[in-house]
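The primary structure of each chain is shown beneath.
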Amino acid sequence: MSLDSVTQSVDEAVSGFFEPIAKWLGEVVFYAVPVGGTDLPLIVAWLVVAGLVFTGWFGLVQIRKFRLAVDVVRGKYDEEGSAGEVNHFQALTAAVSGTVGLGNIAGVAVAVSIGGPGATFWMILCGLLGMATKFVEVTLGVKYREVHPDGTVSGGPMHYLPKGLAERFGKNGKTLGKVLAVLASFMILFFGLFGGNLFQVNQSYAQLVSVAGGEDGALGSSAGALFFGILVAAIVGIVLLGGIRSIANVTSRLVPAMAGIYIVACLVVILVNVSAVPDAVVSIVEGAFNPEGVAGGVLGALIIGFKRAAFSNEAGLGSAPIAHSAVKTKHPASEGLVALLEPFIDTVVICTMTALTIVIANPASLGGDIGGVTITSDAFETVLPWFPYILTVAVLLFAISTVLTWGYYGLKAWTYLFGRSRTSEITYKVIYTVFAIAGSLLTLQTLIDLADAVLFSLAVINIIGLYLLAPVVKRELNTFLEYVRARNAGEDTGGDEDQEPVKTTV
């Protein structure tokens, strides 16, 4: 029996078993209600409302404190002796690598093709709102993180939900928090294996095959797929063994590189068509409020833009706080401010660049049935005939960085559920690397769909926790701002060492 027939049999068997479950959960999590001639997924509304609430609650923190956030990333307010494993910049790039990916390339094209240029405007707005949500959840992630005796750090919703709720609501809050923490860990682990690992490897392999001669090319065979899977698994396994420090060292170089390559390519297309930029901007703004040919009109364009942005930047899902929790700081809100830059980079900058490139280039595939990455590739190809090769490099970098970051997220969920023993951690890393190999051989689309539904269901319990713990974030922000004022005034801030928020556990 050939390898192709084996993988096809596995795909069919898995799909046959899990398809009813994935379909049911997808219908529940992504349940949509008809609004103004189009469908509004309630989970998207849930995420957007959270962004609105936190934007108001913290007084437009994403705008008022944007410059301060940049200063923190630059290390202006670093403190000697802070617990943690990585600096602010490394924590940011590690988290960004988990969100910047194929959604920025393919997802934006889908939004523009379905919702018209105006969907871009709403994507930007949703990204701006998501900055406030990211600020809240990451501040809590650092506030309630755990620093282990070996200096490693664990954080995320599985830590701040039980600790924060217990601190605010006593015994009942502690019980509820523990239940939510177990659910959160399972959801993160499941998505990490299938969405953050298998799917990324599968799609990057598909793009590589497409520019290497297709299925008849050197990599189109089962042997080529296996070789690619083993290569990616080896890279991932080696980096994962080094923990978040190793991941951060890689992503702090990989993320700027992949973002730089992609943005430069966008700028080339835009500059070549610079005379079309004013019209493109006008079409984006006009399309947001007066779209033509879009189901549901303005509301339809808004929903499509919000949906793609929410799926892209993951604000409110509880994943990013895991990476940010490893930062070296004594002030949780300092990293919360750093984290608000994440949706800005992911959605406001990269997604907007993609959308602007597509609108300006207006490739023939934009008006057809072809969607996703093909539209983006065709847009670049109007100016850069060789761009599919550059896109392949970008996709590979996006995929590897995402696999690495979700490997770390999954590890923290795994150790919360099964303990931090050496055997437990090695078991997880072996499983995760095997999934990377499988990613080039299998599609398991049903499990990937299930993983998406599981991850977004996490947003429901996570955001409830964010609402309940928002007063804690307010206090932490005030504490950090007071520290910044004292530091800028040249006052002695040594007393801040007593405000170390980290709780050490064995």
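For the protein chain, an unreviewed UniProt entry supplies the name Putative amino acid transport integral membrane protein and the organism Streptomyces ambofaciens. One UniProt comment on the protein chain, placed under Subcellular location (unreviewed entry), says "Cell membrane". What UniProt records for the protein chain under Sequence similarities (unreviewed entry) is the sentence "Belongs to the alanine or glycine:cation symporter (AGCS) (TC 2.A.25) family."

Observations concerning the overall build of the protein chain
If you tally the helices and strands in the protein chain, you get 19 helices and five strands. Over its C-alpha atoms the protein chain spans a radius of gyration of 22 Å, differing by no more than 12% from the 23 Å that the globule rule assigns to 506 residues. The dimensions of the protein chain, computed from C-alpha atoms along their principal axes, are 65 × 55 × 40 Å. Split into buried and exposed, the 506 residues of the protein chain put 57% on the buried side. Considering only contacts within the protein chain whose residues lie at least 6 apart along the sequence, 82% involve residues at least 24 apart. For the protein chain, the exposed area adds up to about 19800 Å²; of that, 64% sits on carbon and sulfur atoms. Of the side chains in the protein chain, 29 bear a positive and 38 a negative charge, and the two mean positions are spaced by 12 Å.

Some words on a nonpolar patch on the surface
Among the surface-exposed residues, L3, V6, V10, L226 and I230 lie close enough to one another that they form a single nonpolar patch of about 330 Å² accessible area. Elements represented by at least two residues in the nonpolar patch include exactly α1 (3-29) and α9 (222-241). Checked against the element boundaries, V10 lands in helix α1. The exposure class of V10 is partly exposed, given its relative accessible area of 33%.

Some remarks on the pairing of strand β1 (residues 32-35)
Bridge count for β1 against strand β2 (residues 38-41) is four bridges, and the pairing is antiparallel. Residue pairing across strands places P34 opposite D39, the latter belonging to β2. Counted along the chain from β1 to the antiparallel partner β2, the turn is two residues long, and its residue G36 has a positive phi close to 55°.

What to know about the pattern of salt bridges
Tallying each qualifying case throughout the model produces six salt bridges. The partner of D71 in a salt bridge is R74, with the nearest N and O atoms 2.7 Å apart. The exposure class of D71 is buried, given its relative accessible area of 11%. Taking the shortest distance from any N to any O, the salt bridge between E342 and K134 comes out at 2.8 Å.

Comments concerning the packing of aromatic side chains
Evaluated as defined, the whole model comprises 23 aromatic pairs. Ring centres of F121 and W122 lie 5.0 Å apart, and the angle between their planes is 85°; this geometry places the pair in the edge-to-face category. Look at F121 and you get partly exposed, because its relative accessible area is 27%. Relative to F418, the ring of W414 lies with its centre 4.6 Å away and its plane at 50°, an arrangement referred to as tilted. Here W414 pairs with F418, and both are found in helix α17 (residues 387-418), just four residues apart, close to one helical turn. What links up through ring pairs into an aromatic cluster is the set W46, F54, W57, F58, F135 and Y467. Across from the ring centre of Y144, 6.0 Å away, lies the NZ or CZ of K143, which sits over that ring.

Some points on helix α18 (residues 422-441)
Since the α-helix advances by 3.6 residues per turn, residues separated by three or four positions end up pointing in the same direction. With 20 residues, α18 extends 30 Å between its outermost C-alpha atoms, agreeing within 8% with the 28 Å of an ideal straight helix rising 1.5 Å per residue. Along α18, the residues that are buried comprise S424, Y428, K429, Y432, T433, F435, A436, A438, G439 and S440. Lining the buried residues of α18 we find α8 (157-210), α9 and α17.

Some words on the nonpolar core
By size, the foremost hydrophobic cluster in this structure holds 158 residues, and its most contacted members are F135, L140, F194 and F480. Ranked by the residues each element gives to this core, the list is headed by helix α19 (residues 445-488), at 22 residues. Apart from residues no more than four positions distant in its own chain, F135 is found in contact with F58, V61, A333, G336, L337, L340, V473 and L477.

Scoring rules and cut-offs
- Residues numbered from 1 in each chain as written.
- Predicted model: local features only at pLDDT ≥ 70, side-chain atom pairs only at ≥ 80, totals over all residues.
- Heavy atoms only, no water.
- UniProt positions renumbered as here; feature names shortened; annotations may be inferred.
- Helix = DSSP H or I, 4+ residues; strand = E, 2+ residues; numbered from the N terminus.
- Rg over C-alpha atoms; globule rule 2.2 N^0.38 Å.
- Buried < 20%, exposed > 50% of the residue type's maximum accessible area, 1.4 Å probe, protein only.
- Contact = heavy atoms within 4.5 Å.
- Areas by Shrake-Rupley, 256 points an atom, 1.4 Å probe, with all protein chains shown as cover.
- Lys, Arg positive; Asp, Glu negative; His and termini not counted.
- Charge placed at Lys NZ, Arg CZ, Asp CG, Glu CD.
- Patch = residues over 30% accessible without salt bridge, like charges linked within 9 Å, V, L, I, M, F, W, Y side chains within 5 Å.
- Salt bridge = Lys/Arg side-chain N within 4 Å of Asp/Glu carboxyl O.
- Pairing = 2+ DSSP bridges.
- Phe/Tyr/Trp six-rings, centres within 6.5 Å; stacked < 30°, edge-to-face > 60°.
- Lys NZ or Arg CZ within 6 Å of the ring centre and 35° of its normal.
- Expected span 1.5 Å × (residues − 1).
- Core = buried A, V, L, I, M, F, W, Y, C linked by side-chain atoms within 4.5 Å.

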